[in-house]
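Descriptive analysis of the structure
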Amino acid sequence: MIIDSLELLHFRNYEREIFKFDPETNVLFGDNAQGKTNVLEGIYLCSTTRSHKGSKDKEMIKMGEEDAHLRMIVCRDRVKHKMDIHLKKSKAKGIAVDGIPIKKSGDLLGISNVIFFSPEDLSIIQNGPDARRKFIDMEICQLDKMYLFNLTKYKHVLKQRNELLKQISIKPELLDTLSIWSGQLVQYGTYIIRARKEFVDKLNGYIQDIHKELTGGSETMELIYEPNISEEMFGREITLSEKKDLFTKTTNVGPHRDDLSFISKNMDLRKYGSRGQQRTGALSLKLTEIRIVEEKTGEKPILLLDDVLSELDRKRQNFLLEHIKGIQTIITCTGLEEFIKNGININKTFEIVSGSVK
């Protein structure tokens, strides 16, 4: 699959711009804070209906405007598809696929599979559990529409249950309704736990060989899914946790407290890995994602690299670029010197200046 074009209208700092991408390597370059990452965010939004940053719709609309439009054309299985996203300040976004409005964001998922790789991803191992859960959720949502449905419902129920736990201290009669929210939490959470376990198992099918190759055969790595609670015990444990939940006024059991560990040489890289080991592990993880998408869809995903190459040493740069050949890649950077010096092939460049292509 490849992105043919992207049109941004009143999106972030863009008035109006159309990008025509090459099927292989595209580079967006320019000084910081010019709008390079905004282009990648627009692509991710058109592919998933969400910002990779978690930004709200109104935050992505150009200052002084009431709405924004994004249009992206993707070629998949030799068939072109058009995604239209209409962001509004005071209303829910409008989404259309091939000119037909859709009500559920899940109906858009799977048309364009993208993998977003940023400097923050290089810190995924050393960061907190939130970052690792976000990584898992972002990837599974693109491959499993039911996961997105269950995750959205789970987050809504979790928010309502936590609010209820706070209200019960003021209105004790509301305690009788707690079990209703607990039951729904278990219903949606069980699917999440199962899907996460299956996803990590698939990652492990590839990551050991990739990591071994990346480290010159000196290391292997295994991912360990650490569920806060098993799907079999979720219903029982959430009931047993009610007293603690009422005391802390928050839900203490569930997949919103899951984590993921990275084990190399019997060592947890989260706690004991060097910065270099952690970055190598993160790179292995991203390259493994590509294999998973190919396995699931039969097509190569679109790779978005947001100023990542400058964060990698020469060896890791070369390894990454060697393994993404044949994949449409859109890269942001401040200059082209590294590409020229290292003889890296570029098929098309865009110089970004203040939200426009110079």
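What counts, and where the lines are drawn
- Residues numbered from 1 in each chain as written.
- Predicted model: local features only at pLDDT ≥ 70, side-chain atom pairs only at ≥ 80, totals over all residues.
- Heavy atoms only, no water.
- Helix = DSSP H or I, 4+ residues; strand = E, 2+ residues; numbered from the N terminus.
- Rg over C-alpha atoms; globule rule 2.2 N^0.38 Å.
- Buried < 20%, exposed > 50% of the residue type's maximum accessible area, 1.4 Å probe, protein only.
- Contact = heavy atoms within 4.5 Å.
- Areas by Shrake-Rupley, 256 points an atom, 1.4 Å probe, with all protein chains shown as cover.
- Lys, Arg positive; Asp, Glu negative; His and termini not counted.
- Charge placed at Lys NZ, Arg CZ, Asp CG, Glu CD.
- Phe/Tyr/Trp six-rings, centres within 6.5 Å; stacked < 30°, edge-to-face > 60°.
- Salt bridge = Lys/Arg side-chain N within 4 Å of Asp/Glu carboxyl O.
- 1 Å grid on protein atoms, 1.4 Å probe; cavity = no way out; pocket = protein on both sides within 12 Å on 5 of 7 lines; lining within 4 Å.
- Points joined across faces, edges and corners; volume = space filled by probe spheres on them.
- Expected span 1.5 Å × (residues − 1).
- Bend = angle between axes of the 7 residues up to and from the residue.

**Details of the overall build of the protein chain**
The number of helices and strands found in the protein chain is 10 helices and 14 strands. Computed over its C-alpha atoms, the radius of gyration of the protein chain comes to 22 Å, within 12% of the 21 Å expected for a compact globule of 358 residues. For the protein chain, the spread of C-alpha atoms along the principal axes amounts to about 65 × 55 × 35 Å. Across the 358 residues that make up the protein chain, the buried fraction comes to 51%. Taking all contacts inside the protein chain whose residues are at least 6 apart in sequence as the whole, residues at least 24 apart take part in 71%. Accessible area for the protein chain stands at about 17,000 Å²; split by element, carbon and sulfur atoms hold 50% of it. Each charge class in the protein chain can be summarised by its mean position, and for the 56 positive and 53 negative side chains these summaries are 3 Å apart.

**So, the packing of aromatic side chains**
In total, this model carries seven aromatic pairs according to the counting rule given. Taking 6.0 Å as the distance between ring centres and 75° as the angle between the ring planes, the aromatic pair formed by Y14 and F19 counts as edge-to-face. The exposure class assigned to Y14 is buried, which follows from its relative accessible area of 0%. Centre to centre, the rings of Y44 and F116 are 6.1 Å apart; their planes meet at 85°, and the pair counts as edge-to-face.

**Observations regarding the pattern of salt bridges**
Counted according to the given criterion, the structure contains 23 salt bridges. For E311, the salt bridge goes to R279, with nearest N and O atoms at 3.1 Å. One end of the pair, E311, is in the loop between β12 (302–306) and α9 (314–323); the other, R279, is in helix α8 (residues 275–297), and 32 residues separate them in sequence. You can call R279 buried: its relative accessible area is 10%. The salt bridge partner of E294 is K300, with a shortest N-O separation of 3.2 Å. A relative accessible area of 26% places E294 in the partly exposed class. Members of the salt-bridge network, linked through shared partners, are R132, E226, D259, D268 and R270.

**Structural notes on the layout of surface pockets**
Counted as a void, the largest pocket has a volume near 580 Å³. Lining the largest pocket are 30 residues, with R50, K134, D137, L151 and K155 positioned closest to its centre. Listed by contribution, the elements that provide at least two residues to the lining of the largest pocket are α1 (36–48), α2 (129–143) and α3 (145–168).

**Focus on helix α4 (residues 178–214)**
For α4, with 37 residues, the first-to-last C-alpha span of 50 Å sits near the 54 Å given by 1.5 Å per residue. By the largest-angle criterion, Y206 marks the main kink of α4, which is about 35°. At the exit of α4 stands G216, carrying a positive phi of roughly 65°.

**What to know about unusual backbone geometry**
Positive phi values are uncommon outside glycine, yet K249 reaches one of about 60°. Tracing the backbone shows K249 in the loop between α6 (242–248) and β10 (259–264). Non-glycine residue D307 carries a positive phi angle of around 55°. Locating D307 in the fold gives a position in the loop between β12 and α9. For D307, a relative accessible area of 25% translates into the label partly exposed.

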